[in-house]
Amino acid sequence: MASLQQSPAIKGAKVLMVGAGGIGCELLKTLALSGFEDIHIIDMDTIEVSNLNRQFLFRQKHVGQSKAKVARDAVLRFRPHISISSYHANVKDSNFNVDFFKQFNVVLNGLDNLDARRHVNRLCLAAEVPLVESGTTGFLGQVSVHVKGRTDCYECNPKPSPKTYPVCTITSTPSKFVHCIVWAKELLFAKLFGDKNQDNDLNVRSSDSTGSSEQAEDVFERKANESIEQYGRRIYDHVFGYNIEQALSNEETWKSRNKPRPIYSRDVISAELMQQNGNSDKAGSAGDPLSVSAMASLGLKNPQDLWSLKDNSRVFFEALKLFFGKREKEIGSLCFDKDDPLAVEFVTAAANIRAASFGIPLHSLFEAKGIAGNIVHAVATTNAIVAGLIVIEAIKVLQKDFDSYRMSYCLEHVTQKMLIMPVQPFEPNKSCCVCSETPLTLEIDTNHSKLRDFVEKIVKAKLSMTSPLIMHGSSLLYEVGDDLDDAMIANYSANLEKVLSSLPSPVTSGTMLTVEDLQQEFTCNINIKHREEFDEENEPDGMVLHGWTQVPTKPKDDDDKPPTGNGDSSKTSQTETVEAEAEVVVKINIEEIGASGNKRKAPDSRDISTDPPSNDVNEATAANHKKVHKIDDGDDEEELVMLDHWDIDTNKKQKLR
Ligand SMILES: Nc1ncnc2c1ncn2[C@@H]1O[C@H](COP(=O)(O)OP(=O)(O)OP(=O)(O)O)[C@@H](O)[C@H]1O
Ligand SMILES: [Zn+2]
């Protein structure tokens with residue numbers, strides 16, 4: 001270490017760290033102790049109590065303060081002679097442009113989301129600064145080096161997309177606890193407490209036994225003069241009783257499935273118990289919404305206890321009562337938040353009651369919260385190992401030791417006698433639209449899709465552009481920027497509402513659009529192909545982008561039977577972001593690791609899934625579809641999306657277990 005600390009390459013290096021969270025805290029400490037003397041940190045967050053168990057540079061007294069600044073101050077206390085600059089800001093802010101990035105010798109990412117990682121990747125490519133990228137999920141971790149022209153870029157390889165479930169699995173035929181959680185948080189919670197105008201696939205048929213044509217929406221509206229107990233019972237009986245009876249009446253659905261059992265509140269909770277349910281005085285104060293808790297009110301203490309159907313029903317009623325009693329102002333604008341205790345209690349109870357109805361094992365609040373909040377518990381040691389690996393790669397980059405660059409994977413179980421698996425970096429993917437400027441193809445209905453749809457669903461959501469500019473030949477269709485005059489703003493706003501074929505410079509089949517992000521200095525050409533029909537379940541955007549390196553969303557659980565005519569699966573899949581942001585991808589084909597155990601031949605570009613074997617769009621897409629591996633979302637274990645070697649022929653799932 002002493003000799004390393006003296007190395008001019010390290011001492012003279014100017015390093016940018018993005019993210020001062022779990023990995024970032026470890027990284028800053030390791031950089032400082034390894035002899036780095038000029039470190040810059042960007043982090044947009046403030047410190048939360050939940051960070052303190054692993055982000056060891058922070059203490060209780062720092063809660064609410066800037067992570068970047070507190071991390072800087074903490075390290076300067078034991079390395080006072082070095083220079084650390086902190087920026088409490090979003091790395092996507094316009095002042096962190098290519099010129100800003102150019103001043104650094106290497107950039108080190110300790111981020112937690114795809115969008116920011118992509119953004120930094122593009123800036124590093126444009127500024128020609130090497131990037132060391134990292135990620136951890138529980139015991140799994142990964143570090144990779146990206147140097148323009150020598151290795152792949154961060155976006156050369158596909159990334160897993162959020163897990164989605166077919167609507168009818170969620171609304172009608174759940175078979176796993178996670179399906180009940182998605183139903184409880186994205187449908188029931190959203191329906192009762194969220195924005196009334198948003199799309200919601202909850203079965204909203206009237207519960208009116210007289211068969212009147214009561215409007216569906218009314219079922220979830222609290223009626224005038226209806227007590228909260230009456231309202232709660234009506235909702236309960238509607239969603240757990242009446243809706244299940246309705247579903248049962250479709251016999252086809254249950255030919256190959258276990259029939260659910262309708263549950264009515266009167267069978268679970270007596271009128272007397274309902275009256276005594278909960279002690280609101282103990283439930284927390286309306287002035288502090290996050291202190292309000294049905295568990296406290298009911299005297300339920302241990303979040304790891306498994307509640308009975310009766311207890312879940314009590315929590316359901318109590319949580320509903322507390323939302324209306326203590327948090328009424330928020331009703332209509334709430335979104336599920338894993339850090340909102342009352343929301344977690346309600347969702348746990350509702351999911352468990354639904355699970356009981358469908359014969360699915362019930363779960364504790366602790367477990368349900370983990371599933372609902374997509375929580376994979378962070379392991380401080382993994383962060384520390386990954387930080388060490390980042391510094392090792394950074395030093396190689398600074399010493400221009402190209403042949404020694406490695407991607408490293410932290411494994412959960414020893415594999416080939418190793419827990420940390422180093423492999424040679426990939427070569428650049430010649431079809432990568434980011435580093436190889438290969439054009440993309442977009443299938444879209446040019447007569448129905450508006451420019452706004454294209455901007456939101458493709459330019460922002462898929463291409464992660466922050467300040468896009470869209471051109472058709474020399475005609476500018478859309479632009480974002482601070483320096484636009486009123487006439488331009490009005491013109492672009494009008495364009496957003498026009499369908500593509502009616503734009504001033506019409507976009508039709510065969511058009512090539514150029515989309516550019518000025519901040520990222522990233523330009524991308526998109527060939528437009530007119531198409532009219534899209535599969536609502538598999539192509540919910542109503543447009544399909546080809547040649548882009550995101551793994552297509554796998555539309556169905558393998559073990560979910562096809563819907564058998566339940567009738568209400570007409571919309572998009574429910575998005576269940578079990579793996580959405582923690583996108584660690586383990587891409588090792590164990591067999592490819594040579595006898596020495598630490599080498600992997602850099603694959604030729606055909607090995608990389610995003611480099612399809614032919615230019616045929618459909619063939620490439622079909623191949624990509626074959627290569628999607630399923631998250632096995634078993635109810636009681638966390639597993640990871642495994643992208644193995646992406647070999648079209650072998651297409652096998654590898655579990656590191
Ligand atoms: N666009 C961005 N600009 C700057 N910092 C970012 C950006 N996106 C994410 N980060 C930072 O990256 C860090 C990631 O750290 P980590 O994964 O430990 O997340 P966390 O928010 O601290 O923890 P948790 O999500 O578990 O509560 C966070 O501190 C976050 O603020
Ligand atoms: Zn690339």
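Computed from a predicted model, the values in this text were never measured in an experiment.

Caption draft 1: Seen up close, the coordination of the zinc ion (ligand 2). Listed as protein donors to the zinc ion (ligand 2) are Cys-153 (SG), Cys-156 (SG), Cys-432 (SG) and Cys-435 (SG); their distances from the metal cover 2.2 to 2.4 Å. Considering all four donor atoms around the zinc ion (ligand 2), the spread of angles at the metal, 92 to 116 degrees, places the coordination shape in the tetrahedral class. Each donor residue of the zinc ion (ligand 2) belongs to the same chain, and together they define the spacing C-x2-C-x275-C-x2-C. Within this pair, whereas Cys-153 is found in the loop between β6 (140-146) and β7 (164-165), its partner Cys-435 is found in the loop between β9 (418-423) and β10 (440-444), the two being separated by 282 residues in sequence. Residue Cys-153 is classed as buried on the basis of its relative accessible area of 3%.

Caption draft 2: Focus on the nonpolar core. By size, the foremost hydrophobic cluster in this structure holds 66 residues, and its most contacted members are Trp-183, Leu-188, Phe-316 and Phe-346. Put simply, the parts of the chain that give this core at least two residues each are α8 (177-193), α9 (228-248), α11 (271-276), α12 (294-298), α13 (309-326), α14 (341-357) and α15 (365-372). With 12 residues, the top contributor of residues to this core is α8. Among the nonpolar cores identified, the runner-up in size contains 42 residues, and Met-17, Val-75, Ile-84 and Ala-387 belong to it.

Caption draft 3: Seen up close, the packing of helix α3 (residues 22-33) against helix α4 (residues 67-78). Running from amino to carboxyl end, α3 crosses α4 at an angle of 30 degrees, the nearest separation of the two axes being 10 Å. Relative to α4, α3 is oriented roughly parallel. Here α3 and α4 pass one another in a crossing that is right-handed. Every residue of α4 that contacts α3 at Leu-28, Lys-29, Ala-32 and Leu-33 is listed here: Ala-71, Arg-72, Val-75 and Phe-78. By residue class, the composition of the contact of α3 with α4 is six nonpolar, no polar and two charged.

Procedures and definitions
Residues numbered from 1 in each chain as written. Chains lettered and ligands numbered in written order. Predicted model: local features only at pLDDT ≥ 70, side-chain atom pairs only at ≥ 80, totals over all residues. Heavy atoms only, no water. Donors = N, O, S within 2.8 Å, 3.2 Å for Na, K, Ca; no water. Tetrahedral: all angles 85-135°; square planar, octahedral: opposite > 155°, others 65-115°. Helix = DSSP H or I, 4+ residues; strand = E, 2+ residues; numbered from the N terminus. Buried < 20%, exposed > 50% of the residue type's maximum accessible area, 1.4 Å probe, protein only. Core = buried A, V, L, I, M, F, W, Y, C linked by side-chain atoms within 4.5 Å. Axes fitted to C-alpha atoms, helices over the stretch in contact; angles between N-to-C directions. Parallel < 35°, antiparallel > 145°, perpendicular 65-115°, else oblique. Left-handed = near helix turned anticlockwise from the far one by under 90°. Contact = heavy atoms within 4.5 Å. Nonpolar A, V, L, I, M, F, W, Y, C, P; charged D, E, K, R; others polar.

These results come straight from atomic positions and should not be treated as a statement about function.
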